[in-house]
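# Observations on the model geometry
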Amino acid sequence: MKPGRNDPCPCGSGKKYKHCCLQVQETSQTEDFLWHQIHHVIKGLPEKLLKFSAKHFGPEAVLEAWGDFTLWSEEEFDPHTLHMQLFMPWFFYNWHPEFSGIDENTQDERTTGQAFLDKYGKQLEPLLKRYIEQCCVAPFSFYDIVSVRPGDGFVLRDILTDAECYVTEHSGSMHAQAGQIVFGKLVKVDHVAILEASAPIFFPPIEKFPILELREEIYEIEDPPSQELLRDFDFEYEMLEIYHEIYDRLCNPSIPELCNTDDDPMVFQKLIYDIPSPQTALAALKQLCINSTEDELLEDAGFDADGELYSIEFPWLKRAMQNTNPGTIRYWAISKSKTISLRLKSIQKSVRANFNN
């Protein structure tokens, strides 16, 4: 049964319902209503801005912007790239073309969003106009995820300014965890905050060090930093450098270098020996397995129909450096004549590499 406005709040706070959880529910409903209004009015906006940009700045503008966004890494533009959810808002609201595509002799330092507002602002719905205006002034930044309400949103703290607010984000909050880092653009319209742009992955907390170094650099100029300073050309590109470096390292990890316990590079080799019988090999090599008896080694061995040993595998151990494992010895008969193939497989630093196997 729903409590009355003057009843004690069911949460146990001791306050009246109207002064406690009812206020929270009403605020949440109001924010949710505005959030849906915003998403309704901005539907189709990216397509309109893209067409406007091509007409006003020229069809090559998006490719020029992509080159700047990727720091001229020669990565080809791909409309299906995971960076798109970050790149397009940056292109619309943060990228400043050097010249317009209509008249190359006319300087135009406006972003696509600013130029769009100047031309169509009086014709736009007031809510849509306010949203674009906020997109044009809001900087990109890195945010700590303070807490999460899955399916509803999360509390974000700007690492560069310490500003904290609740962000309505229905889908993104489903996979977010407190402590992770978000790179993107936070836009506030009235009492609702929305992630207009966000990186395709969350960064772990350990990646915060270069962000904190950038913060120190910014605070040497202005404390606390303004939105205008954070939108400065140099700082924007430093943020992009940090983003790309972390993203590339996390999503495209380099192949680890395999070394032995002396830090010498691993060299792959293949050694094959002809041995009279598996039993002969076992008798000669069983002492290399220092932690098992012969009976224990034979428990998992293979025997043919005549009861003769034809395959066995055991670790080669040394009593050094906490029983270093130089490899694994595996051998088996490869013909009815009982010719034996002996192969050594190296294991170093818990990385198992089969020698040319």
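Quick caveat: nothing in here was measured; it's all calculated off a predicted structure.

### What about the overall build of the protein chain?
When its secondary structure is counted, the protein chain shows eleven helices and eleven strands. Taking all 357 residues of the protein chain together, 41% fall into the buried category. Considering only contacts within the protein chain whose residues lie at least 6 apart along the sequence, 53% involve residues at least 24 apart. Looking at the protein chain as shown, the accessible area adds up to about 20,900 Å², and 52% of this sits on carbon and sulfur atoms.

### Focus on helix α4 (residues 84–93)
Counting buried positions over the ten residues of α4 gives nine, a clear majority of the element. Listing the buried residues of α4 in full gives Met84, Leu86, Phe87, Met88, Pro89, Trp90, Phe91, Phe92 and Tyr93.

### Things to note about the packing of helix α5 (residues 112–120) against helix α6 (residues 126–137)
For the pair α5 and α6, the least separation of the axes is 9 Å and the interaxial angle reads 145 degrees. Of the two possible hands of crossing, α5 and α6 adopt the one that is left-handed. Here α5 contributes Gly113, Gln114, Phe116 and Leu117 to the contact with α6, which in turn contributes Lys129, Ile132, Glu133 and Cys136. Of the residues that constitute the contact of α5 with α6, the class distribution is four nonpolar, two polar and two charged.

### Quick look at the pattern of salt bridges
Within this structure, the stated rule accounts for nine salt bridges. With a shortest N-O distance of 3.0 Å, Lys208 and Asp144 are connected by a salt bridge. With Lys208 in the loop between β5 (192–198) and α7 (209–219) and Asp144 in strand β1 (residues 140–149), this residue pair connects regions lying 64 residues apart in the sequence. By relative accessible area, Lys208 is classed as partly exposed at 22%. In this structure, the salt-bridge partner of Asp162 is Arg215, at a minimum N-O distance of 3.0 Å. Taken together, the positions of Asp162 in the loop between β2 (153–158) and β3 (164–168) and Arg215 in helix α7 put the pair 53 residues apart, joining distant regions of the chain. One network of salt bridges, with partners in common, ties together Glu207, Glu245 and Arg249.

### Some points on the sheet that holds β2
Whether parallel or antiparallel, the strands of a sheet pair through hydrogen bonds between backbone atoms. Taken in spatial order, the five strands line up as β3-β2-β1-β4-β5 in an open sheet, and their pairing is antiparallel. Of all strands in the sheet, those bounded by a partner on one side alone are β3 and β5. For this sheet, the mean inter-axis angle between neighbouring strands, taken without regard to orientation, is 50 degrees. Pairing of β1 with β2 involves six bridges; the strand directions are antiparallel. Bridge pairing links Tyr143 to Asp158 in β2. Against the sheet, α4 touches β1, β4 (181–189) and β5, its axis set at about 105 degrees to β5. Contacting β1 and β4, helix α9 (residues 233–251) runs over the sheet at an angle of about 55 degrees to β1.

### Some thoughts on a negative patch on the surface
Together, Glu213, Glu216, Glu217, Glu220, Asp232 and Asp234 give the surface a local cluster of negative charge. Broken down by element, the negative patch gets its largest block of residues, three residues, from α7. For Glu216, the position within the fold is in helix α7. Glu216 sits in the exposed class, given a relative accessible area of 55%.

### Let's talk about the pairing of β3
In this structure, β2 lies alongside β3, joined through five bridges in antiparallel fashion. Its bridge partner being in β3, Val155 is matched across the sheet by Tyr166. Where β2 folds back on β3, the antiparallel hairpin that results is connected by five residues, among which Asp162 adopts a positive phi of roughly 70 degrees.

Parameters at a glance
- Residues numbered from 1 in each chain as written.
- Predicted model: local features only at pLDDT ≥ 70, side-chain atom pairs only at ≥ 80, totals over all residues.
- Heavy atoms only, no water.
- Helix = DSSP H or I, 4+ residues; strand = E, 2+ residues; numbered from the N terminus.
- Buried < 20%, exposed > 50% of the residue type's maximum accessible area, 1.4 Å probe, protein only.
- Contact = heavy atoms within 4.5 Å.
- Areas by Shrake-Rupley, 256 points an atom, 1.4 Å probe, with all protein chains shown as cover.
- Axes fitted to C-alpha atoms, helices over the stretch in contact; angles between N-to-C directions.
- Left-handed = near helix turned anticlockwise from the far one by under 90°.
- Nonpolar A, V, L, I, M, F, W, Y, C, P; charged D, E, K, R; others polar.
- Salt bridge = Lys/Arg side-chain N within 4 Å of Asp/Glu carboxyl O.
- Pairing = 2+ DSSP bridges.
- Patch = residues over 30% accessible without salt bridge, like charges linked within 9 Å, V, L, I, M, F, W, Y side chains within 5 Å.
- Lys, Arg positive; Asp, Glu negative; His and termini not counted.
- Charge placed at Lys NZ, Arg CZ, Asp CG, Glu CD.

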